[in-house]
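One letter stands for each residue in the lines below.
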Amino acid sequence: MRNNRKIMIAGNWKEHLTVGQASIFLHGLEQTVQTRQSVEVVLFPNVLTLQPISMQLDRRKFRMGAQDGFYEDAGAYTGEVSMAMLRDLVHYVLVGHSERRHIFNENDDIASKKMQAAVRNGIMPVLCIGETLQERLAGETNQILHNQITAGLRNLTAREVGACVIAYEPVWAIGTGEFALPDQVSRAIDYIRKQVEHLFGERASENIRILYGGSVDDHNAGSFLSIAGCDGALVGGASLNYHKFAGIVESAYRVHQSRLGVR
Ligand code: PGA
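Computed from a predicted model, the values in this text were never measured in an experiment. (Residues numbered from 1 in each chain as written. Predicted model: local features only at pLDDT ≥ 70, side-chain atom pairs only at ≥ 80, totals over all residues. Heavy atoms only, no water.)

1. Observations regarding the overall build of the protein
Move 1: Looking only at helices and strands, one finds 12 helices and eight strands in the protein.
Move 2: A globule of 263 residues ought to have a C-alpha radius of gyration of about 18 Å, and the protein, at 17 Å, matches this closely.
Move 3: Considering only contacts within the protein whose residues lie at least 6 apart along the sequence, 75% involve residues at least 24 apart.
Move 4: Surface accessibility of the protein: about 12200 Å² in total, with carbon and sulfur atoms responsible for 49%.
Move 5: The centroid of the 27 positive side-chain charges in the protein is displaced by 6 Å from the centroid of its 28 negative side-chain charges. (Helix = DSSP H or I, 4+ residues; strand = E, 2+ residues; numbered from the N terminus. Rg over C-alpha atoms; globule rule 2.2 N^0.38 Å. Contact = heavy atoms within 4.5 Å. Areas by Shrake-Rupley, 256 points an atom, 1.4 Å probe, with all protein chains shown as cover. Lys, Arg positive; Asp, Glu negative; His and termini not counted. Charge placed at Lys NZ, Arg CZ, Asp CG, Glu CD.)

Structural data, given as structure tokens:
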């Protein structure tokens, strides 16, 4: 069953695109990316461009996600956009992206509230977790992953957890051009799945999808996507380049074909 599962390629359009720029970019992407049945491509535009992009987007080709969402459904929270406001627009939402954690001081408690708000509103959350370079060098990687998983999935049922996505994104590999070695990613993915199994049981751990993110491009994507247990990639910088992103989708297609034993 696992071999048949679609590979997810998520494009985090994290640069500050205006509505006009995002629209032109999407047009180019639709011309360049060859969509495949076996690859689920999800675009994460900034909140301002979500609405116009959703009207322009060919939903047979791409799904949409939000880069963030607030955890209260309603109330006076100047400037925030809640999951309840996003629910009709997006399939997915990123929660606890390292830039949210490190630049905006979002802690595990906030990530947990956002996970619950996403699930409550029928949006599939992509919980982003990963260690800093300092933590890795200090041998604390597993401890950090453990803490972020335990906190992020708190108060969710095993069934809800099975429908979530976790993106393993080592902080030192995000936007740096320095990517993790497939062996490091493989170990982290195994560890994450074991933790989910320990907390929520075998079924949740089989069903939850785990992605790798951090300087993924068209040259290295295949090496991550072929890791056993890796369900896809969260792509930042390279998702804003048509050719690179199209190349990543193509790699995912090839990896899927080889999983099925097709040459
Ligand atoms: P990157 O970003 O691919 O540019 O490293 C990853 C991300 O934003 O999640």
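2. Focus: the packing of helix 1 (residues 19-32) against helix 2 (residues 47-56)
Move 1: For the pair helix 1 and helix 2, the least separation of the axes is 10 Å and the interaxial angle reads 35 degrees. Where helix 1 crosses over helix 2, the two elements pack in a sense that is right-handed. From helix 1, Val-19, Ala-22, Ser-23, Leu-26, His-27 and Glu-30 reach across to helix 2, where they touch Leu-48, Thr-49, Pro-52, Ile-53 and Gln-56.
Move 2: When its residues are assigned to classes, the contact of helix 1 with helix 2 shows six nonpolar, four polar and one charged. (Axes fitted to C-alpha atoms, helices over the stretch in contact; angles between N-to-C directions. Left-handed = near helix turned anticlockwise from the far one by under 90°. Nonpolar A, V, L, I, M, F, W, Y, C, P; charged D, E, K, R; others polar.)

3. Considerations on the packing of aromatic side chains
Move 1: Applying the stated criterion across every chain, the model contains seven aromatic pairs.
Move 2: Ring geometry for Phe-70 and Tyr-77: centres 4.9 Å apart, planes at 50 degrees, overall tilted.
Move 3: Pairing Phe-179 with Phe-224 gives two aromatic rings, centres 6.0 Å apart and planes at 85 degrees, and the pair type is edge-to-face. Here Phe-179 is found in the loop between strand 6 (165-168) and helix 9 (182-200), whereas its partner Phe-224 is found in helix 11 (residues 221-225), with 45 residues between them in sequence.
Move 4: Sitting over the face of the ring of Phe-104, Arg-100 holds its NZ or CZ atom 4.1 Å from the ring centroid. (Phe/Tyr/Trp six-rings, centres within 6.5 Å; stacked < 30°, edge-to-face > 60°. Lys NZ or Arg CZ within 6 Å of the ring centre and 35° of its normal.)

4. Some thoughts on the environment of Gly-214
Move 1: One can find Gly-214 in the loop between strand 7 (209-213) and helix 11.
Move 2: With relative accessibility at 4%, the residue Gly-214 sits in the buried group.
Move 3: Considered as a pair, Gly-214 and Gly-130 are 84 residues apart in the sequence and their alpha carbons are 10.0 Å apart.
Move 4: If we skip the residues at most four places from it in the chain, Gly-214 touches Glu-169, Ala-173, Ile-174, Phe-179 and Leu-234. (Buried < 20%, exposed > 50% of the residue type's maximum accessible area, 1.4 Å probe, protein only.)

5. Observations concerning helix 12 (residues 242-259)
Move 1: Compared with the 26 Å implied by 1.5 Å per residue over 18 residues, the 26 Å span of helix 12 between its first and last C-alpha is a close match.
Move 2: Buried within helix 12 we find Phe-245, Ala-246, Ile-248, Val-249, Ser-251, Ala-252, Val-255 and His-256.
Move 3: Here the buried face of helix 12 lies against strand 1 (7-12), helix 1, strand 2 (39-44), helix 11 and strand 8 (232-235).
Move 4: One side-chain oxygen at the N-terminal end of helix 12 lies 3.0 Å from the backbone nitrogen of His-243; it belongs to Asn-241.
Move 5: Of the residues flanking the end of helix 12, it is Gly-261, one or two places downstream, whose phi is positive at about 80 degrees. (Expected span 1.5 Å × (residues − 1). Polar contact = N/O pair within 3.5 Å; in protein donor to acceptor, adjacent residues only side chain to side chain.)

6. Some details on the state of the cysteines
Move 1: Scanning the entire structure with this criterion turns up zero disulfides.
Move 2: Note on Cys-128: no disulfide assigned, nearest cysteine sulfur contributed by Cys-164 at a separation of 12 Å.
Move 3: This cysteine, Cys-230, is not joined by any disulfide, and Cys-128 carries the nearest cysteine sulfur, 14 Å off.
Move 4: With a relative accessible area of 1%, Cys-230 lands in the buried category. (Disulfide = S-S within 2.5 Å.)

7. Here's the deal with the pairing of strand 4 (residues 92-95)
Move 1: Covered by surrounding structure in strand 4 are Tyr-92 and Leu-94 together with Val-93 and Val-95, the residues of both alternating faces.
Move 2: Here strand 3 (residues 62-66) runs beside strand 4; their pairing, made up of two bridges, is parallel. Within strand 4, the residue paired with Gly-65 across the bridge is Tyr-92. (Pairing = 2+ DSSP bridges.)

8. Looking at the nonpolar core
Move 1: With 70 residues, the main nonpolar core has Ile-9, Leu-153 and Val-196 as its most contacted residues.
Move 2: It is helix 9 that contributes the most residues to this core, seven residues altogether.
Move 3: Those residues in contact with Leu-153 that sit more than four places away from it in its chain are Met-115, Leu-127, Val-161, Ile-166, Val-196 and Phe-200.
Move 4: Counting residues in each nonpolar core, the second largest holds 12 residues, with Met-8, Val-42, Cys-128 and Leu-234 among its members. (Core = buried A, V, L, I, M, F, W, Y, C linked by side-chain atoms within 4.5 Å.)

9. Notes on a nonpolar patch on the surface
Move 1: A cluster of nonpolar side chains, contributed by Val-19, Val-47 and Leu-48, occupies part of the molecular surface with about 270 Å² of accessible area.
Move 2: Assignment of secondary structure puts Leu-48 in helix 2. (Patch = residues over 30% accessible without salt bridge, like charges linked within 9 Å, V, L, I, M, F, W, Y side chains within 5 Å. Salt bridge = Lys/Arg side-chain N within 4 Å of Asp/Glu carboxyl O.)

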